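# Structural characterization, general
Listed below, chain by chain, are the residues.
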Amino acid sequence: MSQEFFSGVSNRILFGGLESKDPLTYKVYNPDRIVLGKRMEDHLRVAVCMWHSFASGGSDVFGSGTFDRPWLASGLDPLAAARSKLDAAFEFFEKLGVPFWTFHDRDIAPEGRTFAESAANLDEMVDYAARHMDRTGVRLLWGTANLFGHPRYAAGAATNPDPEVFAYAAAQVKLALESTKKLDGANYVLWGGREGYDTLLNTDLAHEEKQLARFLTLVAEHKHRIGFKGLLLIEPKPHEPTKHQYDHDSAVVHGFLARHGLDGEYRLNIEANHATLAGHSFHHEIAYAVATGMFGSVDANRGDYQNGWDTDQFPNSVEEVALALFEILRGGGLSTGGFNFDAKLRRQSLDRNDLFHAHIGGIDTLAEALLVAAEMVERGAIDRLRDERYAGWTDELGKSILSGGATFVDLERRVALGNIDPRPVSGRQELLENMVNQEIWTAASRAKADATAAK
Ligand code: XUL
Ligand code: CO
């Protein structure tokens, strides 16, 4: 048994219910609870990420790390430190009781002096992670490559003006994809780290589009060559680190993929704070992805209403997550995707145990939101109002328009005859908003009743 890093938490975090006074229990999340015929754990497929939670010491642009993370101490042998980091992470995953984890290649294995040395480090750490996964039963939701940290990627990876950087990025993604396959990952993610520009004055947009399309084609080709069965996911983000990121939002990525014949190969990984950075709601990005058949997975977090950057806080709004989950459930639920906590502690939350509090709160928020969304689906009242709005399209006129039978000439004739005289009807927005709130309040009072009954 390796060193215990979270000795302040001796047991696995269990469901305690709303009445529990112990902050180290779940108040709502109960993995085996059946919701719409499926276990809560299987609905949410929660994952903890390596980068924010284990590879970062809490530094920001104004100051150095503040977190108590012995596995990141300076002066350690890089591979020994990488092993300790994974030991700490798997101890945490196991105690938290989550089914999945996620990582970038460089989160788990240090970059070497040469590419060959980096590759050997990754190989060694992938084997080490595999042993932890076998021991704990924790599975890999997705792997990815860090194509933004090293100075060679300052001007982008696939969209770098230098083809040698493209080649280097390709080599790195090849190994990260193969590592993900080795660890039986459910998906592989591509977030466009520095694929974008800081100034148009030095940027050839048309050329960079061609490069990015070529890169994504090569990723898909390699996926098929090695027989990786997981989904390839692209994670949209509008800006940061570059002024303008090419994968701006779901609709832009979808359009790009369709333009290059790649929409059958990729799905979307939607991050809540990236949605709000793009001027959308999280709900919008999820709804767009579900509506177009492009939904894949979620990076769970939230932004700050006052800030224009990616604060990556843990989610705590039941309403925000419930609206997203409502769309996901209506679309048939998650398949290979999950809810990955791409979220970080505030710099002053420096205790190791703050990692538990952050994840427990985030997971309970997801769980409560799931109960609300399931109720919205089951009750069906919101769907009925929506269906009513579109009822005309099931009549003869609507059908003839959509089937292509009716031309402009036919439609003009019918309108001119005076048979068509549309009347505006209420969109009922406030009523619908009240219905969502009613589900939130009902779910909260039901949880209270459950807790009282259990006493
Ligand atoms: C950055 C971000 C990434 C991706 C994985 O904003 O979200 O951590 O999720 O590269
Ligand atoms: Co993310």
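The rules we used
- Residues numbered from 1 in each chain as written.
- Chains lettered and ligands numbered in written order.
- Predicted model: local features only at pLDDT ≥ 70, side-chain atom pairs only at ≥ 80, totals over all residues.
- Heavy atoms only, no water.
- Helix = DSSP H or I, 4+ residues; strand = E, 2+ residues; numbered from the N terminus.
- Contact = heavy atoms within 4.5 Å.
- Donors = N, O, S within 2.8 Å, 3.2 Å for Na, K, Ca; no water.
- Tetrahedral: all angles 85-135°; square planar, octahedral: opposite > 155°, others 65-115°.
- Buried < 20%, exposed > 50% of the residue type's maximum accessible area, 1.4 Å probe, protein only.
- Pairing = 2+ DSSP bridges.
- Expected span 1.5 Å × (residues − 1).
- Arc of directions from axis to C-beta.
- Axes fitted to C-alpha atoms, helices over the stretch in contact; angles between N-to-C directions.
- Near = heavy atom within 4 Å.
- Polar contact = N/O pair within 3.5 Å; in protein donor to acceptor, adjacent residues only side chain to side chain.
- Areas by Shrake-Rupley, 256 points an atom, 1.4 Å probe, with all protein chains shown as cover.
- Lys, Arg positive; Asp, Glu negative; His and termini not counted.
- Salt bridge = Lys/Arg side-chain N within 4 Å of Asp/Glu carboxyl O.
- Domains from an automatic or database assignment.
- Buried area = accessible area lost by both parts, 1.4 Å probe.
- Nonpolar A, V, L, I, M, F, W, Y, C, P; charged D, E, K, R; others polar.

## Examining the environment of alanine 275
Tracing the sequence through the fold places alanine 275 in helix α9 (residues 272–277). Taking the C-alpha atoms as reference points, alanine 275 and isoleucine 286, 11 residues apart in sequence, are found 9.0 Å from one another. Excluding residues that lie within four positions of it along the chain, alanine 275 makes contacts with His280, Ser281, Phe282 and Glu285.

## A look at the coordination of the cobalt ion (ligand 2)
Glu235 (OE), Glu271 (OE), Asp299 (OD) and Asp342 (OD) make up the full set of protein donors to the cobalt ion (ligand 2), lying at 1.9 to 2.1 Å. Around the cobalt ion (ligand 2) sit 6 donor atoms, and with donor-metal-donor angles ranging over 79 to 172° the site reads as octahedral. The sequence motif formed by the donor residues of the cobalt ion (ligand 2) is E-x35-E-x27-D-x42-D. Placement of glutamate 235 in strand β8 (residues 231–235) and of glutamate 271 in strand β10 (residues 266–271) is noted, with a sequence separation of 36 residues between them. Classification of glutamate 235 by relative accessible area gives buried; the value is 3%.

## Concerning the pairing of β10
Across the 6 residues of β10, 5 count as buried, placing the element largely inside the fold. With 3 bridges joining them, β8 and β10 adopt parallel strand pairing. Bridge assignment links leucine 233 to a residue of β10, and that residue is arginine 267. Strand direction decides the pairing type here: β10 and strand β11 (residues 295–299), joined by 4 bridges, are parallel. Across the sheet, residue asparagine 269 finds its bridge partner in β11, namely serine 297.

## With respect to helix α6 (residues 163–182)
Taking 1.5 Å of rise per residue, the 20 residues of α6 would be expected to cover 28 Å, and the 29 Å separating its terminal C-alpha atoms lies within 8% of that figure. Buried within α6 are the following residues: Val165, Phe166, Ala169, Gln172, Val173, Ala176, Leu177, Ser179 and Thr180. Angular distribution of buried residues about the axis of α6 spans 160°; they occupy a single face of the element. Those residues of α6 that are exposed and aimed more than 90 degrees away from the buried face are Pro163, Glu164 and Lys182.

## Notes on the sheet that holds β10
Pairing in this closed barrel of 8 strands is parallel, and the strands run β3-β4-β5-β6-β8-β10-β11-β12 around the ring. Strand-to-strand twist of the sheet, defined as the mean angle between neighbouring strand axes without regard to direction, takes the value 30°.

## Some remarks on the site of ligand 1
Within the structure, ligand 1 sits among Trp51, His104, Trp142, Trp191, Glu235, Lys237, Glu271, His274, Asp299, Asp310 and Asp342. One nitrogen or oxygen atom from the side chain of histidine 104 is found 2.7 Å from an oxygen atom belonging to ligand 1. Aspartate 310 is positioned with one of its side-chain polar atoms (N or O) 3.3 Å from an oxygen atom of ligand 1. For ligand 1, whose free accessible area comes to 300 Å², the fraction covered by protein is 93%.

## Some points on the side chain of aspartate 247
Positionally, aspartate 247 belongs in the loop between β9 (244–245) and α8 (250–259). Although aspartate 247 lies buried, it forms no salt bridge, and the closest oppositely charged side chain, arginine 259, sits 8.8 Å away as judged by the N-O distance. Setting aside residues no more than four positions away along its own chain, aspartate 247 makes contact with Gly192, Leu212, Ile234, Glu235, Pro236, Lys237 and Val253.

## Re the domain arrangement of the protein chain
The figure often quoted for interface size is the accessible area lost as the parts come together. Domains assigned within the protein chain are domain 1 (34–379) and domain 2 (382–454). Each of domain 1 and domain 2 was reduced to a C-alpha centroid, and the two centroids are 35 Å apart. Where domain 1 abuts domain 2, roughly 1,000 Å² becomes buried across the two surfaces, and 54% of that area is made up of carbon and sulfur atoms. Taken together, the connections running from domain 1 to domain 2 amount to 2 salt bridges. Of the charged contacts in the structure, one is a salt bridge between arginine 379 and glutamate 439, with a shortest N-O distance of 2.6 Å. Our count for the contact surface shared by domain 1 and domain 2 stands at 3 residue pairs in polar contact (both at pLDDT 80 or more). At the level of secondary structure, the elements contributing two or more residues to the side of domain 1 that touches domain 2 comprise α11 (318–330) and α12 (354–379). No other element matches α12, which puts 5 residues into the side of domain 1 that touches domain 2. Counted by class, the side of domain 1 that touches domain 2 contains 4 nonpolar, no polar and 5 charged residues.

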